[in-house]
Structure formats: C-alpha cells, structure tokens
Amino acid sequence: LTGQKVTYANGETSKDSWHTRSDAAGILVLDPANPTTGGYVYMSNSEESDGNGGVFGLYFDADGNILEYKPILTGTTDNCGGGLTPWNTYITCEETGGGQCWQVGADGRTEETNLGGKDGGWYESVAVDPRVYDAPVFFTTEDVEDGALRRFVATQHGCDAVHSDGEETFLNLFD
C-alpha cells in the first residue's frame, strides 16, 4: 500500500497516498456510545524522520467499508510505538532525541502530552492503568540501551489526564 492511493467503498480514491514507514497502530471506535454501529478508525504511525512522520487515519463504517484516509498528526519525527487509552484516544510516541508523546483522537484532535517530560526522549510505547479514577498511571518506555521506564501519575481522569500536572518517576533498566 505504501505510496498508493486508498480506494473507498464508493469507488473514489483518497487525496493522499498511503504513508511511508508504517509502524505501530491502534483502533478507535468512532461512536463509543454505539461501538457496534458507529464504525472505527485505524490509527497508523509513520516512522519517517526529519519532521515527516505522524499518524494517519483509515476510517471504516460498522461493516468494515473504507470511508476515508487522511493525515491526523503531521510534522513529528519517527512515530514508532504508542498505546491506547481508556478514553478512546491513541498515544503516539516519537522515537528520536527530544521526542514527545502525542494524544490523537478519531476526531482529529491532537495535543502534545506531559508523558514525555520537558526534555523528551526516544519513546516507544505507552500503557495506562486507570483503576484509580482521578489518578490514572501511565507507563512510557524508551527505545535506547539505557532508556528509562517512566511512570506518570496523572491528577485527573479522562482525555486531559495526560495534560495534567502529574508526578513523574523513573525505573532505569540495565543489562
């Protein structure tokens, strides 16, 4: 698919060609209140360098027909892993020096999170433990030999949790 236009169920093709260097992905439902009838979006990273990475969405109806393909987050670098949140958003991670973690929604909303800290890092993946309602815990890994496992305890629940003033601690993993 790389470099090719996406063909929609109605026979039309996408404006954009499928992105290069596809990497990690996640699936978000388009209507969480009606997950079996509302369709979904396949969020796919592009691990392209020099600000040419990002996240691209392939939108499906509830029957699996392709409706749309479009860039959602652009201007980022080496979008590698990521993870899903309980709030129906996708976190994409930049695997580059000074990289950050970005929250991306099916509606096109994109925001840099506080998961990457002030200095950033070589981020790979994110996981969340939402069991404490107003203090969900996020874990972020770095894909470097001496990379840290970050633990971020948010101070609120929901989509804005990754933007809250949370507490950050580290676990360094060595050979």
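For the structure itself, look to the data block above.
Residues numbered from 1 in each chain as written. Predicted model: local features only at pLDDT ≥ 70, side-chain atom pairs only at ≥ 80, totals over all residues. Heavy atoms only, no water.

Q: Go over the overall build of the protein with me, naming the residues and quoting the values.
A: Looking only at helices and strands, the protein has zero helices and 14 strands in total. From first element to last, N terminus to C terminus, the protein shows the α and β order β-β-β-β-β-β-β-β-β-β-β-β-β-β. Here the protein has a C-alpha radius of gyration of 17 Å; the compact-globule value for 175 residues is 16 Å, and the two agree. For the protein, the spread of C-alpha atoms along the three principal axes comes to 50 × 35 × 25 Å. The buried share of the protein, taken over its 175 residues, is 42%. Residue pairs in contact within the protein that sit at least 24 positions apart in sequence constitute 40% of those at least 6 positions apart. (Helix = DSSP H or I, 4+ residues; strand = E, 2+ residues; numbered from the N terminus. Rg over C-alpha atoms; globule rule 2.2 N^0.38 Å. Buried < 20%, exposed > 50% of the residue type's maximum accessible area, 1.4 Å probe, protein only. Contact = heavy atoms within 4.5 Å.)

Q: Please provide a residue-by-residue account of the pairing of strand β2 (residues 13-17), values included.
A: Pairing of strand β1 (residues 5-7) with β2, which is carried by two bridges, proceeds in the antiparallel orientation. For threonine 7, the partnering residue across the bridge sits in β2 and is threonine 13. Counting the residues in the hairpin turn of β1 and β2 gives five residues, including glycine 11, whose phi is positive at 95°. (Pairing = 2+ DSSP bridges.)

Q: So, the packing of aromatic side chains: which residues are in play, and what are the values?
A: Enumeration over the complete set of coordinates arrives at five aromatic pairs. Between the aromatic rings of tyrosine 40 and phenylalanine 60, the centroid separation amounts to 4.8 Å while the plane-to-plane angle is 15°, which identifies the pairing as stacked. In this pair, tyrosine 40 is assigned in strand β4 (residues 40-46) and phenylalanine 60 in strand β5 (residues 53-60), connecting sequence segments 20 residues apart. With relative accessibility at 26%, the residue tyrosine 40 sits in the partly exposed group. For the pair tryptophan 87 and phenylalanine 138, a centre-to-centre distance of 6.0 Å together with 40° between the ring planes defines the contact as tilted. Residue tryptophan 87 is found in the loop between β7 (79-84) and β8 (89-99), and its partner phenylalanine 138 is found in strand β12 (residues 137-142); the two are separated by 51 residues along the sequence. As far as the burial class goes, tryptophan 87 and phenylalanine 138 line up, both buried. Taken together, Trp18, Phe56 and Tyr69 form an aromatic cluster joined through their ring pairs. (Phe/Tyr/Trp six-rings, centres within 6.5 Å; stacked < 30°, edge-to-face > 60°.)

Q: Quick one: what's the story with the environment of threonine 89, residue by residue and with numbers?
A: Relative to the elements of secondary structure, threonine 89 occurs in strand β8. Along the sequence, threonine 89 and alanine 106 sit 17 residues apart, while their C-alpha atoms lie 7.1 Å from each other. What threonine 89 contacts, discounting residues up to four positions off in sequence, is Leu28, Gly83, Leu84, Gln103, Val104, Gly105 and Cys159. A polar atom in the side chain of threonine 89 sits 2.6 Å from the side chain of threonine 85. Here the side chain of threonine 89 touches glutamine 103 through a polar contact of 2.9 Å, side chain to side chain. (Polar contact = N/O pair within 3.5 Å; in protein donor to acceptor, adjacent residues only side chain to side chain.)

Q: An account of the environment of cysteine 101 is needed here, citing residue identities and associated values.
A: In this structure, cysteine 101 sits in strand β9 (residues 101-105). Judged by its relative accessible area of 0%, cysteine 101 falls in the buried class. The sequence separation of cysteine 101 and aspartate 119 amounts to 18 residues, and the corresponding C-alpha distance is 12 Å.

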